[in-house]
Amino acid sequence: NRQACDSLGYSRDELIGMTPFDFDADLNTVTWQRYSERLKAGDIVTFESRHRRKDGTLFPVEIRVREFCQGGPRLFISLSRDITERKRAAEAFRERQGELTHANRVATMGQLTASVAHEVSQPIAATLTNAQAALRWLSSQPPNLEEVRQTLDHIVNDAKQGGEVINQIPDTNRDNLAKY
């Protein structure tokens, strides 16, 4: 038909006498045997393949085939539909989906980073405040060593608290944080 001529790039005269094996790049005797058995059972067989144009370029097609008998010989009728746009749309969808997945991971890492920063900043701020207090106790006359000792204990506890925050992050999240 005209549409087959247009999509394959052959004239009507050139297509007459050709079989699907002449222009279907994926069809071979093994796959045809598998389809043939289903066709004999009365099934309509639908599959995807690639057709080769006269100029050699390939394009994806969806093919539906049905067998019918007319006066004895097995005959087949097939419909081929160019699915290039559908394939492009599916690939674009997969790419967008991948981009969204990546953006979601980045957003999650950002939230995790903000949460960790908040949780760690508190013991760091307390450590700084306590260190400044210890310096004041040391510079007083006479130095108040008991206050310095207690303040250093607070610093140790604050450092442990910051370490606990870090240790609560699963190893996989810490590895991902290092990537970003």
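Provided above is the structure to which this section pertains.
Keep in mind it's a predicted model, so treat the numbers as computed, not measured.

Draft legend 1. Summary view of the pairing of strand β2 (residues 58-69). As paired strands, strand β1 (residues 45-52) and β2 are joined by eight bridges and run antiparallel to one another. From the neighbouring strand, Thr-46 faces β2, where its bridge partner is Arg-64. Here β1 folds back onto β2 in antiparallel fashion, the turn holding five residues, of which Gly-56 has a positive phi close to 95°. Inspection of the sheet shows β2 paired to strand β3 (residues 74-82) by nine bridges, in the antiparallel sense. When the bridges of β3 are listed, Val-65 appears paired with Ser-78.

Draft legend 2. Main features of the packing of aromatic side chains. Applying the stated rule across the entire model yields two aromatic pairs. With 5.2 Å between their ring centres and 80° between their planes, Trp-32 and Phe-76 make a pair best called edge-to-face. Of this pair, Trp-32 sits in helix α4 (residues 29-40) while Phe-76 sits in strand β3, placing them 44 residues apart in sequence. For Trp-32, a relative accessible area of 22% puts it in the partly exposed group. Judged by its relative accessible area of 35%, Phe-76 falls in the partly exposed class.

Draft legend 3. Here's a closer look at the pattern of salt bridges. Under the definition given, this model contains 13 salt bridges. Close ionic contact of Glu-62 with Arg-81 constitutes a salt bridge, the shortest N to O distance being 2.4 Å. Highlighted residues: Glu-62 in strand β2 and Arg-81 in strand β3, separated in sequence by 19 residues. Overall, Arg-81 belongs to the partly exposed group, its relative accessible area being 46%. Glu-95 serves as the salt-bridge partner of Arg-96, at 3.8 Å between the closest nitrogen and oxygen. Overall, Arg-96 belongs to the partly exposed group, its relative accessible area being 41%. The network of salt bridges with common partners includes Glu-48, Glu-62, Arg-81, Arg-86 and Lys-87.

Draft legend 4. Quick look at the sheet that holds β1. The strand order across the open sheet formed by three strands is β1-β2-β3, and the pairing between neighbours is antiparallel. At either end of the open sheet lies a strand with only one pairing partner, and these are β1 and β3. Pairs of neighbouring strands in the sheet enclose a mean axial angle of 35°, with direction left out of account. Contacts from helix α5 (residues 84-139) reach β1, β2 and β3 within the one sheet, and its direction differs from that of β2 by about 125°.

Draft legend 5. View of the environment of Asp-24. Looking at where Asp-24 falls in the secondary structure, it is placed in the loop between α3 (20-23) and α4. From its side chain, Asp-24 meets the backbone nitrogen of Asp-26 in a polar contact 3.0 Å long. At a separation of 3.1 Å, a polar atom in the side chain of Asp-24 contacts the main-chain amide nitrogen of Leu-27.

Definitions and limits used
Residues numbered from 1 in each chain as written. Predicted model: local features only at pLDDT ≥ 70, side-chain atom pairs only at ≥ 80, totals over all residues. Heavy atoms only, no water. Pairing = 2+ DSSP bridges. Helix = DSSP H or I, 4+ residues; strand = E, 2+ residues; numbered from the N terminus. Phe/Tyr/Trp six-rings, centres within 6.5 Å; stacked < 30°, edge-to-face > 60°. Buried < 20%, exposed > 50% of the residue type's maximum accessible area, 1.4 Å probe, protein only. Salt bridge = Lys/Arg side-chain N within 4 Å of Asp/Glu carboxyl O. Axes fitted to C-alpha atoms, helices over the stretch in contact; angles between N-to-C directions. Contact = heavy atoms within 4.5 Å. Polar contact = N/O pair within 3.5 Å; in protein donor to acceptor, adjacent residues only side chain to side chain.

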